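These are the residues of each chain, in order.
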There are 2 protein chains.
Amino acid sequence: MTNTTPARILLVEDEIQMRRFLRTALNARDFDVIEASNAREARLAVTGRPPDLILLDLGLPDGDGIDFTRELRSWSQLPVIVLSARGREDDKVMALDAGADDYLTKPFGLNELLARIRVALRHAARSHARDNPETILHIGPLQLDPVRREVRIDDQPVTLTPLEYRLLWYLAKNAGRVLTHQLILRHVWGPGTSQTHTLRVCMAQLRHKIESDPAHPRILMTEMGVGYRLRDD
Amino acid sequence: MTNTTPARILLVEDEIQMRRFLRTALNARDFDVIEASNAREARLAVTGRPPDLILLDLGLPDGDGIDFTRELRSWSQLPVIVLSARGREDDKVMALDAGADDYLTKPFGLNELLARIRVALRHAARSHARDNPETILHIGPLQLDPVRREVRIDDQPVTLTPLEYRLLWYLAKNAGRVLTHQLILRHVWGPGTSQTHTLRVCMAQLRHKIESDPAHPRILMTEMGVGYRLRDD
DNA sequence: GAGGGCTATCATGAATTCATCAGCAGGAAT
DNA sequence: ATTCCTGCTGATGAATTCATGATAGCCCTC
């Protein structure tokens, strides 16, 4: 669930001092910072490997940042936070209506900027997660869909009890690895359980529902004297 | 593409003058405005028919607006724009991290507020493109028309109580997914409810009105030990 | 092959979870 | 006040799930 890779932020700013200030501040917060000093460089950076968010100064030497935003919005939903020395209300309305997601007037507090960055990334993550069906686990003939809580073997749905489901899910998340009895018991039954017998019984039932020949399992392998393993080749 | 029904905005503000000012301004821009003067009324309004956006004053008589936001975020993604007289940076960071989508310090310009409302609605439209309340949902033999608040099964209209309707609507919006008891309770009954029994009873009534054989449901499936699911295949 | 340790399977009963009926309180309409 | 509707709660029986005990099978060593 947690995104391990740091968010990449494109910083579009011509003043070199402000750029350095923001770069160090963002780097310290574990963001990847890419820099552009004008609209041309910003266009290049976005069409290359797009960042996760854009911090955009409006006063660019080679064109208005508003135009840049409008142009970007014609093909991308990348979050844009405008930083501007212009504090007039019309400027804000123009930028926001052009497609910017937020507008901060210089001078601004760093903590507020960081909080607004978090808001923008939150929004982006939400709309990303919607149309991302890649949450389904495919392991050999097995399919696990955690959203629908559905398990399929050779495309045939099988119904599992809560315990069976949790056991299979834990094995599937660690497909290929050998998991000791103790490890499985702790994760599926919770701490304080040390009765391997119940695990064996549950595993047997799981095999009956998943394996074509439960006596000679091809997916839920037992590792003698150690534990179990879900084959993933 | 154009939304014909005006956006509904919940205005949470205790000062009566500010409320009147905003109400008239928003009405003039063709928004539907619902009003609440404290957190309790706001909770009621949201759990009833949820608005499209919330304008939230932080200084409420009966509780902190931040807590309200956090509580709301535990079960809803409704856009929240905070209006506050407190302009300290920490206040902004707190509110934004609690789940607010924007923060304006009083006094603010009306045009800026309107622009930021447009931004928030834009975001919501993007991520809620699926469940916009305009379209009629067709799921198997079920038809749900949110505008007319009408439900049909095999083209036969059925009359539902408000609670039954909300339950069915929530299940239908997430057709195919398994929804845990807790999830359903939070979304339909509001946060703070943990009594699964009432949910079971309501579900039984719903089945009696929708299923041809309530004892062997074909649409409103129970997922043993987990929750319920509306079948969509 | 015999024996010991580990594993699989079946059966049974307890515990949990569900569905349904009925009763009751609160609110709106008559 | 009466009536009706809605929604909550308690009780009961049914269905499912799960742990445990008994028994048989498998694999390795001796």
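Predicted, not measured: the structure shown is a model, and the values here were computed from it.

Moving on: the overall build of chain A. Summing up its helical and strand segments, chain A has eight helices and 12 strands in all. The C-alpha radius of gyration computed for chain A amounts to 26 Å, which surpasses the reference 17 Å derived for 233 residues by more than 25%, pointing to a less compact arrangement than a globule. Seen along its three principal axes, the alpha-carbon backbone of chain A occupies a region of about 75 × 35 × 30 Å. Out of the 233 residues in chain A, the part that is buried amounts to 46%.

On to the sheet that holds strand β7 (residues 142-145) of chain A, then. All names here are of chain A. Read from one edge to the other, the open sheet built from four strands follows the order β6-β7-β8-β9, with strand pairing classed as antiparallel. Every interior strand has two partners, whereas the edge strands, β6 (137-139) and β9 (156-158), have only one. Going across the sheet, the axis of each strand differs from the next one's by a mean of 25°, ignoring polarity. Both strand β8 (residues 150-153) and β9 contribute to a ladder of three bridges, which runs antiparallel. Across the sheet, the residue bridging to I153 is Q156, located in β9. Set on the sheet, helix α6 (residues 162-173) makes contact with β6, β7 and β8; between it and β7 the angle comes to about 110°.

This paragraph deals with the protein's contact with DNA strand D. Surrounding DNA strand D, one finds 18 residues, the nearest of these being T161, W189 and H197 of chain A together with T161 and H197 of chain B. Between a phosphate oxygen of DNA strand D and a side-chain N or O atom of T161 of chain A, the distance comes to 2.6 Å. Contact distances for DNA strand D include 3.2 Å between a phosphate oxygen and a side-chain N or O atom of W189 of chain B. Put simply, the parts of the chain that give the surface near DNA strand D at least two residues each are α6 and α8 (196-210) of chain A together with α6 (162-173) and α8 (196-210) of chain B.

Residues and elements named next belong to chain B. Across the five residues of strand β4 (residues 80-84), five count as buried, placing the element largely inside the fold. Of the two faces of β4, the one carrying V80, V82 and S84 and the one carrying I81 and L83 are both buried. Bridging between strand β3 (residues 53-57) and β4 involves four bridges; their strand directions are parallel. Looking at the pairing, I54 lines up with V80 of β4. Read from β3 through helix α3 (residues 65-73) to β4, the crossover connection turns out right-handed. Here β4 runs beside strand β5 (residues 102-105); their pairing, made up of four bridges, is parallel. When the sheet's bridge partners are listed, I81 is paired in β5 with D102.

Turning next to the pattern of salt bridges. In total, this model carries 33 salt bridges over all chains according to the counting rule given. Where R116 of chain A meets D102 of chain A, a salt bridge forms, and the shortest distance between an N and an O atom there is 2.9 Å. Placement of R116 of chain A in helix α5 (residues 110-130) and of D102 of chain A in strand β5 (residues 102-105) is noted, with a sequence separation of 14 residues between them. Connected through shared salt-bridge partners, K92, D102, E112 and R116 of chain A together with K92, D102, E112 and R116 of chain B make up one network.

The next thing to look at is the packing of α6 of chain B against α8 of chain B. Residue and element names in this part refer to chain B. It is at 10 Å that the axes of α6 and α8 come closest, and there the two elements cross at 85°. Judged on the interaxial angle alone, α8 and α6 are roughly perpendicular. Along its contact with α6, which presents L163, E164, L167, L168 and L171, the element α8 presents L199, C202, M203, Q205, L206, K209 and I210. Of the residues in the contact of α6 with α8, the class split is nine nonpolar, one polar and two charged.

Inspection of the entire model under this criterion finds one aromatic pair over all chains. Against the face of Y165 of chain A rests R149 of chain A, its NZ or CZ located 4.3 Å from the ring centre.

Of the residues lining the interface, 34 residues belong to chain B; the matching set on chain A comes to 28 residues. Together chain B and chain A conceal approximately 2800 Å² of surface at their shared face, both sides included; 44% is due to carbon and sulfur atoms. Linking chain B with chain A are seven salt bridges, by the criterion used here. Sorting the residues of the side of chain B that touches chain A by element identifies α4 (89-98), β5 and α5 (110-127) of chain B as the ones contributing at least two each. Along the lines of polarity and charge, the residues of the side of chain B that touches chain A split into 10 nonpolar, nine polar and 15 charged.

For the rest of this paragraph, the subject is the nonpolar core. All names here are of chain B. Core analysis: the largest hydrophobic core is formed by 28 residues, its most contacted members being L142, L167, L168, L171, I184 and L230. Among the elements of the structure, β7 (142-145), β8 (150-153), α6, α7 (181-189), α8 and β12 (227-230) are those that each provide at least two residues to this core. Broken down by element, this core gets its largest block of residues, seven residues, from α6. Among all residues touching I184, those that are not within four sequence positions of it are L167, Y170, L171, L179, W189, L199 and Y228.

A separate point is the protein's contact with DNA strand C. For DNA strand C, the set of nearby residues contains 27 residues, the closest of which are R207, G225 and Y228 of chain A together with R200 and Y228 of chain B. The sugar and phosphate moieties of DNA strand C supply 87% of its atoms located within 4 Å of the protein. Between Y228 of chain A and DNA strand C, the recorded distance is 2.8 Å, taken from a side-chain N or O atom to a phosphate oxygen. At the level of elements, α8 and β11 (220-223) of chain A together with α8 of chain B are the ones that each hand at least two residues to the surface near DNA strand C. At six residues, the largest contribution of residues to the surface near DNA strand C is made by α8 of chain A. Partitioning the surface near DNA strand C into residue classes produces 13 nonpolar, nine polar and five charged.

Another point: helix α3 (residues 65-73) of chain A. Residues and elements named next belong to chain A. Taken together, the buried positions of α3 are occupied by G65, I66, F68, T69, L72 and R73. Along the axis of α3, the buried positions cluster into a sector of 160°, meaning they face one direction only. Of the surrounding secondary structure, the elements contacted by the buried residues of α3 are α2 (39-47), β3 (53-57), β4 (80-84) and α4 (89-98). For α3, the N-terminal capping position is held by D64, with its side-chain oxygen 3.0 Å away from the main-chain nitrogen of I66.

The rules behind each value
- Residues numbered from 1 in each chain as written.
- Chains lettered and ligands numbered in written order.
- Predicted model: local features only at pLDDT ≥ 70, side-chain atom pairs only at ≥ 80, totals over all residues.
- Heavy atoms only, no water.
- Helix = DSSP H or I, 4+ residues; strand = E, 2+ residues; numbered from the N terminus.
- Rg over C-alpha atoms; globule rule 2.2 N^0.38 Å.
- Buried < 20%, exposed > 50% of the residue type's maximum accessible area, 1.4 Å probe, protein only.
- Pairing = 2+ DSSP bridges.
- Axes fitted to C-alpha atoms, helices over the stretch in contact; angles between N-to-C directions.
- Contact = heavy atoms within 4.5 Å.
- Near = heavy atom within 4 Å.
- Polar contact = N/O pair within 3.5 Å; in protein donor to acceptor, adjacent residues only side chain to side chain.
- Right-handed = clockwise from strand over helix to strand, strands pointing away.
- Salt bridge = Lys/Arg side-chain N within 4 Å of Asp/Glu carboxyl O.
- Parallel < 35°, antiparallel > 145°, perpendicular 65-115°, else oblique.
- Nonpolar A, V, L, I, M, F, W, Y, C, P; charged D, E, K, R; others polar.
- Phe/Tyr/Trp six-rings, centres within 6.5 Å; stacked < 30°, edge-to-face > 60°.
- Lys NZ or Arg CZ within 6 Å of the ring centre and 35° of its normal.
- Buried area = accessible area lost by both parts, 1.4 Å probe.
- Core = buried A, V, L, I, M, F, W, Y, C linked by side-chain atoms within 4.5 Å.
- Arc of directions from axis to C-beta.

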